[in-house]
Structure formats: C-alpha cells, structure tokens
Amino acid sequence: MAKTKLANDGMPKSLVSRFQRIMIYIVLVIGAFFSLFPFYYMFVQASQPSSEVLRFPPHLWFGSSAWANIQGLFANGFGRSLFNSAFIAVVYASLSVFIASLAGYAFAKFRFRGRSVLFGMFLLVLMIPYHVTAVPLFQLMAKITFFGNPTWISSYQAVILPALANPFGIFLMRQSMQALPDDLLDAARMDGASEWRVFTKVALPTMRPTLAALAIYSFMFQWNSFFWPLIIMRDKAMETLPVRINALVGLSIIDYGQLMMGTALTTLPIMMIFIAFQRQFISGALAGAVKG
Amino acid sequence: MGSQMLTPAERRHQWRRRLTPYMFLLPALLVFGIFMLYPIVSSLQLSFESQLNPNSGFSFDNYRRLFGDKVFRKALTNTVFLLLFQVPLQLGLAMVLAVILNNAVLKFRTVFRLIYFLPAITALFAVALIFRLLLNDEKGLVNYVLNGLGIQSVPWLSNAWPAKFSLITAITWRWTGYNMVIYLASLQSIPDELYEAAELDGAGAWAKFWSITVPMMRPTILLTTVLSTIGTLQIFDEPYLLTRSGPSNETLSMATLLYRTAFQSAEINYASAIAYVMVLIIAAFSLLQFRLAQRGED
C-alpha cells in the first residue's frame, strides 16, 4: 500500500525536496544580498571623492579617494572623536559590567529585605523611555561643578554615568549567578574568605562567558549611542563619532565622501568585534529576549 | 536560634552578613538613584510647571497645550503609523527567515545567520546615512535601478508617503536579523517529537507551523512584539538623520519632537509633558499586547 501511494504522488520524494531546497537557497541568497549590499555600498562610496558620490549613474565599484577622505576627516578633528568614542565605550563597558555583576550577585545569592522591590524597580525602568530623563539630566549636568570643570556638560562622565546601572545587565547577571551552586560559595566562606574574596575569587571567574557577552553588548551600545551624546557633547573636542558625523551632515556643503568614510570607520570596529566574538554577541542579544 | 545566645563577635559577624548584599548593591543604587530615578521624578514635576510663569505652582498648562497641539498629534500619528506597518513586517520577515534557516538539511546556516545579523550591530545613525544615499531623490541607486526598469524616479525622501516608506525600509533592514536570531533560538527549543507526532497524523508543513510552531513560540513572539513596539515608539535616530523629520513634519516622531522642543526651542516644561505622554502611550501599548496575548491563550 505504502509503495503505491508514493508512486501516486507523481514525483519521487528526493526530487521534490531537491527542488524545494534550491528555492530555499535562492530566497536565502537574495536575503543575504539585501543584508550585505548597504554595507558594500557604504564602503564603495567611502572610497569616492566627494563630487563622485552622488553621481548619476552611481558608482558600484571602489574609487581611489579612500585615503584622501581619511586624511580629510582627520584634518577635521575625527581623530579626537575616535579617541572620545573609544575611551567612553571602554570605560563604560568595564564599569557597567562591574556594577551589574555586583548587583546581580546580590539579587541572585542573598536573601534580604527589599530584594524583590528593588529588583522590580530596576525592571520597571526598562519600560521607561530614556528620553524622559534627558531634560533633567541635562539640567543636572549643568549644575554639577566640582572636579575643576566649570560644569559636566561636554564631559566624559556626563556620557558614561547616566546609563551605568544598566537594568538589562543586572537582570542578565542575576540570571547567570542563580546557576552558581551555594555550596561553592559556602565552602569558600568556611575557609575564612571574606565576602569580597568570595565574590571576586569564586563567583566572578565562573561568570566569564556572561561577562564577556555583557561587556561586548555594553561596548556596542555606547559606541553606537547618538541621542544623549548629541545633547550633552556641545564642545567639538568632546564629540563622539556619531555626533561628529552628524555635524558633517549639518554643513551647508556636505562632503559625502568623507561622510561615508566616517560612517564606515565607525562601523568597521564593531563589525570586526562581531566577527571575532560572534557567539558572545548573539548570546547577548538572546539573553535579553529568550531568557526573559 | 535566639540571637541572645550569640557572642558579640558572632553578632558582629551576623550583622555584617546582613549588610553584605546592600554593599554589593550600593554602586548600582547610587547611580540609579541619581541618574535615573531623580530625572524621572524631576521630569514629572517639570511637566506640571508652567513655562511662562514658573512660580505659579501646579499647572496643567503643558498637558492642555499638548492636547490641542497639531504638531504633537502629527508626531503621534506618524509614530503609530510606523509601528503598525513596521512591527508586523519586520517580525513576519524574521519568522519566515528563521523557519527557513531552522531546516537541518541546509548548508551554511551559520554563515547566513551571521550575514542576517550583521545589520543589527550597525549604529542607527550609520543605517540612516547609508539609506540616505541609496534613496537620494535625484541621484540615489534605488531610483537608478528603477529607471533602468523603466519606472520613474520616486522622491523617496522629499515626499510624505515615500519618506514614510523609506523609514520603514531602513528600520526593517536594521532589525529583521536581530529578531530572526531570537526566533531561531526559540525554534530550536521546540522538541522534535511534536513535529513527528503531527507528521504521523498527516499534517503538512503549513498545518505544523500554525498548530505547533506558533503556539510553542507564543511567549517569544509576544516579547519581540513588545520590544519592537517600545523601540518604535521611542524612535529618534532614523527620522532625525534619514528624513530630518520632513517633508513638513511628515516623518516627525515623538522623540524627535521631544528633542526639538527641549533642546532647540528650550521649552523644557512642555518637552517634559511630551516625555510623560510618551511613557503613558508606551505603557498602554505594552499592556494591551500582554492582554491580547493572555486572551489568545484562553
């Protein structure tokens, strides 16, 4: 019976699935083309002299002005912005991972009064758009005057501090810390280790994969961030890359070659980190969604 | 255990243990309190102060003005319009790609996953600028290709409807791969036995998708819907850089209006009211989606 039924289907099963498979590959390759082409176009235009970027018909192959565009950018303060972005993102990533692991450890491994209220408070803020804080934060930064600066407007700390207690990071660290066996921590306590030692020498080293994922996520968040740096970095010397590039868009004569080169140079480091640490990147993205 | 039985040293030890979690929480709480909680409360307070006479005390002026403000209404309808088109489009595409990529017989699955995820690591401002070139009205590549196909150039960035469509395209490009990766992980957690049992009952691919995949992925679908909704309601970088909110405010979003009001017109009280209405709208949408998901479960 079964055999006749197969024959009645008209086509052998393997042929059907081969046809389907080819269709699927075609769909996937078209998707991949759309996914990659804008990047390719960015690099192509970044290598064109400004006058050639908006030429009609558009260039589809690399030009010879990549180096000239880089020089033009750096002559216009791009190096300083690159440093600002890198410095802010590295300091932010290190500090926010540290703070999140401290807090996540407390939430995961201790029972204390106010635990669920405090944790709920962190989670609630995930729902509040960060734009709400912009006006009072700006006023706050304008009021603070210690550390020699006239105010904190256009300062590194003004960009680094506000998002430092990252609720997503705290949530992520709590989730991973919960898997840590209490016996392991108690054994260290029995040996006379202080709470601080238990945390740094026992708990943290087992968290390396999560710490790496969170550090990469935080670095990328800060590197790509635009809204708040645009508001607070009003001094050209303190601008981060996105703010600097936005300033190029605002000029009366836009140098599109430089603009695209700046965009490419901002995108490239993240792309390289992504290709090197693909697994951590994706687990960072998933942690926010699937485990929630 | 009566605490009066403890020696002073033991009591000190216990006291310290009780204090420990708060010490670990201290840095997060300090930063959180100063740079999140204080601004959130302060913003609410600002929104109830009149811009014109700041010392007149509690006032509904800003909210009253908001309800009659045509520009705000435009920003709101623009943002909701984006949401209604872009969230289903982006999530539907992500689902299709995830289901296809979940096929075990395919080769190069990790390569495709990497390629599709790549836009999701790109800075939003970069996405906006690249699409600004691609969609340039007179000299963009998209119009060049259209002309080649015998279709007239479309004013992608300078006309109301095409500009909205351009925004949706750029956002969909940026986020589809991100959601696809989330769906892919969720798909892989569905036990194969469920599909095998359905196959024995003679279910086809379409039936299996609706009777097994979708119900099993309900929590993930809900979560991505809520996250994309919140994200779209707060959208700033793309309209600010891709379309500059134009033409004539046709792609103005609530967040770009907030920025303009607070930092270009310096109307901080009115801007705070806009911010709080945004909070309310986001909360309402999230709640609605959770409710709908719950009702679907019954």
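Bear in mind the structure is a predicted one, so any value in this text is a computation, not a measurement.

### Topic: the overall build of chain A
Next up, step 1: Helix and strand counts for chain A come out as 16 helices and zero strands.
Next up, step 2: Computed over its C-alpha atoms, the radius of gyration of chain A comes to 26 Å, more than 25% above the 19 Å expected for a compact globule of 292 residues.
Next up, step 3: Taking the principal axes of its C-alpha atoms as reference, chain A extends roughly 75 × 70 × 35 Å.
Next up, step 4: Within chain A, the proportion of its 292 residues that are buried is 41%.

### Regarding the overall build of chain B
Next up, step 1: A count of helices and strands for chain B gives 13 helices and zero strands.
Next up, step 2: Ordered by position in the sequence, the α and β elements of chain B form the string α-α-α-α-α-α-α-α-α-α-α-α-α.
Next up, step 3: Relative to a compact globule of 298 residues, whose C-alpha radius of gyration would be 19 Å, chain B shows 26 Å and is clearly more extended.
Next up, step 4: When burial is assessed residue by residue, chain B has 40% of its 298 residues classed as buried.
Next up, step 5: Partitioning the contacts of chain B with sequence separation of at least 6, the portion at a separation of at least 24 is 69%.

### Comments concerning the packing of helix H15 (residues 256–276) of chain A against helix H5 (residues 124–134) of chain B
Next up, step 1: It is at 10 Å that the axes of H15 of chain A and H5 of chain B come closest, and there the two elements cross at 145 degrees. Read as a crossing pair, H15 of chain A and H5 of chain B show a hand that is left-handed. Along its contact with H15 of chain A, which presents Leu259, Thr263, Thr266 and Thr267 of chain A, the element H5 of chain B presents Ala126, Leu129 and Ile130 of chain B.
Next up, step 2: Along the lines of polarity and charge, the residues of the contact of H15 of chain A with H5 of chain B split into four nonpolar, three polar and no charged.

### Observations concerning the packing of helix H8 (residues 192–200) of chain B against helix H9 (residues 205–216) of chain B
All names here are of chain B.
Next up, step 1: Where H8 meets H9, the closest approach of the two axes is 11 Å, and the angle between their N-to-C directions is 140 degrees. As the angle between them shows, H8 and H9 are arranged oblique. Seen from above, H8 lies across H9 with right-handed handedness. On H9, the residues touching Leu194, Tyr195 and Ala198 of H8 are Lys208, Ser211 and Ile212.
Next up, step 2: Taken together, the residues that form the contact of H8 with H9 break down as four nonpolar, one polar and one charged.

### Thoughts on the interface of chain B and chain A
Often, the extent of an interface is quoted as the loss of accessible area on bringing the components together.
Next up, step 1: Each partner contributes to the interface: chain B provides 72 residues, whereas chain A provides 67 residues.
Next up, step 2: For the side of chain B that touches chain A, the element with the most residues is helix H1 (residues 8–47) of chain B, which contributes 17 residues.
Next up, step 3: The residue makeup of the side of chain B that touches chain A, split by class, is 57 nonpolar, 13 polar and two charged.

### Focus: helix H3 (residues 70–101) of chain B
Next up, step 1: A rise of 1.5 Å per residue sets the reference length of H3 of chain B, with its 32 residues, at 46 Å; its end C-alpha atoms lie 46 Å apart and thus fit the reference within 8%.
Next up, step 2: The sharpest bend along H3 of chain B comes to roughly 25 degrees, located at Gln86 of chain B, with the proline Pro88 of chain B sitting one to four residues further on.

### Describing the confidence of the model for chain A
The predicted coordinates ought not to be read in detail in places where the model reports low pLDDT.
All names here are of chain A.
Next up, step 1: Scored by pLDDT, chain A has a mean of 86; 91% of the residues are at 70 or more.
Next up, step 2: Mean pLDDT across the elements of chain A ranges from a minimum in helix H1 (residues 2–8), with 38, to a maximum in helix H5 (residues 78–109), with 96.
Next up, step 3: Overall, residues 1–14 carries pLDDT values under 50, and its contacts beyond four positions in sequence, including any with other chains, amount to one contact.

### A word on the environment of Ser153 of chain B
All names here are of chain B.
Next up, step 1: Considering the arrangement of structural elements, one finds Ser153 in the loop between helix H6 (141–148) and helix H7 (160–188).
Next up, step 2: Its 16 C-beta neighbours within 10 Å are what place Ser153 among the partly exposed residues.
Next up, step 3: In this structure, Ser153 is in contact with Asn143, Leu146 and Asn147, ignoring residues within four places of it in sequence.

### Overview of the domain arrangement of chain A
Next up, step 1: Looking at chain A, the domain boundaries give domain 1 (11–67) and domain 2 (77–250).
Next up, step 2: Put simply, the middle of domain 1 of chain A and the middle of domain 2 of chain A, counted by C-alpha atoms, are 37 Å apart.

### Focus on the nonpolar core
Next up, step 1: Membership of the largest hydrophobic core comes to 150 residues, with the highest contact counts inside it found for Ala103 of chain A together with Ala28, Phe125, Ala128, Met254, Leu258 and Ile274 of chain B.
Next up, step 2: In terms of residues, this core owes the most to one element, H5 of chain A, which gives 13 residues.
Next up, step 3: A domain split of this core shows at least three residues from each of domain 1 (11–67) and domain 2 (77–250) of chain A.
Next up, step 4: The residues touching Ala28 of chain B, leaving out its near neighbours within four places in the chain, are Ile99, Leu102, Ala103, Ala165 and Ile170 of chain A.

### Description of the environment of Lys143 of chain A
All names here are of chain A.
Next up, step 1: Following the sequence through the fold, Lys143 ends up in helix H7 (residues 134–143).
Next up, step 2: The exposure class assigned to Lys143 is exposed, which follows from the 10 C-beta atoms found within 10 Å.
Next up, step 3: Along the sequence, Lys143 and Pro205 sit 62 residues apart, while their C-alpha atoms lie 40 Å from each other.

### Overview of the UniProt feature "transmembrane region" (unreviewed entry) in chain A
All names here are of chain A.
Next up, step 1: Within this numbering scheme, the UniProt entry marks residues 21–43, 82–105, 117–141, 153–173, 211–233 and 253–277 as carrying the feature "transmembrane region" (unreviewed entry).
Next up, step 2: Annotation note: span residues 117–141, helix share 68%, strand share 0%, distance between end C-alpha atoms 29 Å.
Next up, step 3: Taken as a whole, residues 253–277 contains 84% helix and 0% strand, while its terminal C-alpha atoms sit 39 Å from one another.

### Quick word on the UniProt feature "transmembrane region" (unreviewed entry) in chain B
Next up, step 1: Annotation from UniProt places "transmembrane region" (unreviewed entry) at residues 21–41, 80–102, 114–135 and 268–288 of chain B.
Next up, step 2: As a span, residues 80–102 of chain B carries 96% helix and 0% strand, and end to end its C-alpha atoms are 32 Å apart.

### What to know about the environment of Tyr240 of chain B
All names here are of chain B.
Next up, step 1: Tracing the chain through its elements places Tyr240 in helix H11 (residues 237–243).
Next up, step 2: Overall, the presence of 25 C-beta atoms within 10 Å leaves Tyr240 in the buried class.
Next up, step 3: Sequence separation between Tyr240 and Leu292 is 52 residues; the distance between their C-alpha atoms is 32 Å.
Next up, step 4: Other than its neighbours up to four places away in sequence, Tyr240 contacts Ser245 and Thr256.

### A few points about unusual backbone geometry
Next up, step 1: Of the consecutive residues Phe56 of chain A and Pro57 of chain A, the connecting peptide bond is found in the cis state with omega at -5 degrees.
Next up, step 2: Looking at the secondary structure, you find Pro57 of chain A in the loop between helix H3 (50–53) and helix H4 (66–75).
Next up, step 3: Here Phe108 of chain B, not a glycine, exhibits a phi torsion of approximately 60 degrees, which is positive.
Next up, step 4: Residue placement: Phe108 of chain B occurs in the loop between H3 and helix H4 (109–117).
Next up, step 5: Taking the C-beta count within 10 Å as the criterion, Phe108 of chain B has 14 such neighbours and is therefore assigned partly exposed.
Next up, step 6: One non-glycine residue, Arg244 of chain B, adopts positive backbone phi at about 50 degrees.
Next up, step 7: With respect to the helices and strands, the residue Arg244 of chain B is situated in the loop between H11 and helix H12 (254–264).
Next up, step 8: Classification of Arg244 of chain B as partly exposed rests on a count of 17 C-beta atoms within 10 Å.

Conventions used here
Residues numbered from 1 in each chain as written. Chains lettered and ligands numbered in written order. Predicted model: local features only at pLDDT ≥ 70, side-chain atom pairs only at ≥ 80, totals over all residues. Helix = DSSP H or I, 4+ residues; strand = E, 2+ residues; numbered from the N terminus. Rg over C-alpha atoms; globule rule 2.2 N^0.38 Å. Buried ≥ 20, exposed ≤ 12 C-beta atoms within 10 Å, placed from the backbone. Contact = placed C-beta atoms within 7 Å. Axes fitted to C-alpha atoms, helices over the stretch in contact; angles between N-to-C directions. Left-handed = near helix turned anticlockwise from the far one by under 90°. Nonpolar A, V, L, I, M, F, W, Y, C, P; charged D, E, K, R; others polar. Parallel < 35°, antiparallel > 145°, perpendicular 65-115°, else oblique. Expected span 1.5 Å × (residues − 1). Bend = angle between axes of the 7 residues up to and from the residue. pLDDT = per-residue confidence, 0-100. Domains from an automatic or database assignment. Core = buried A, V, L, I, M, F, W, Y, C linked by C-beta atoms within 7 Å. UniProt positions renumbered as here; feature names shortened; annotations may be inferred.

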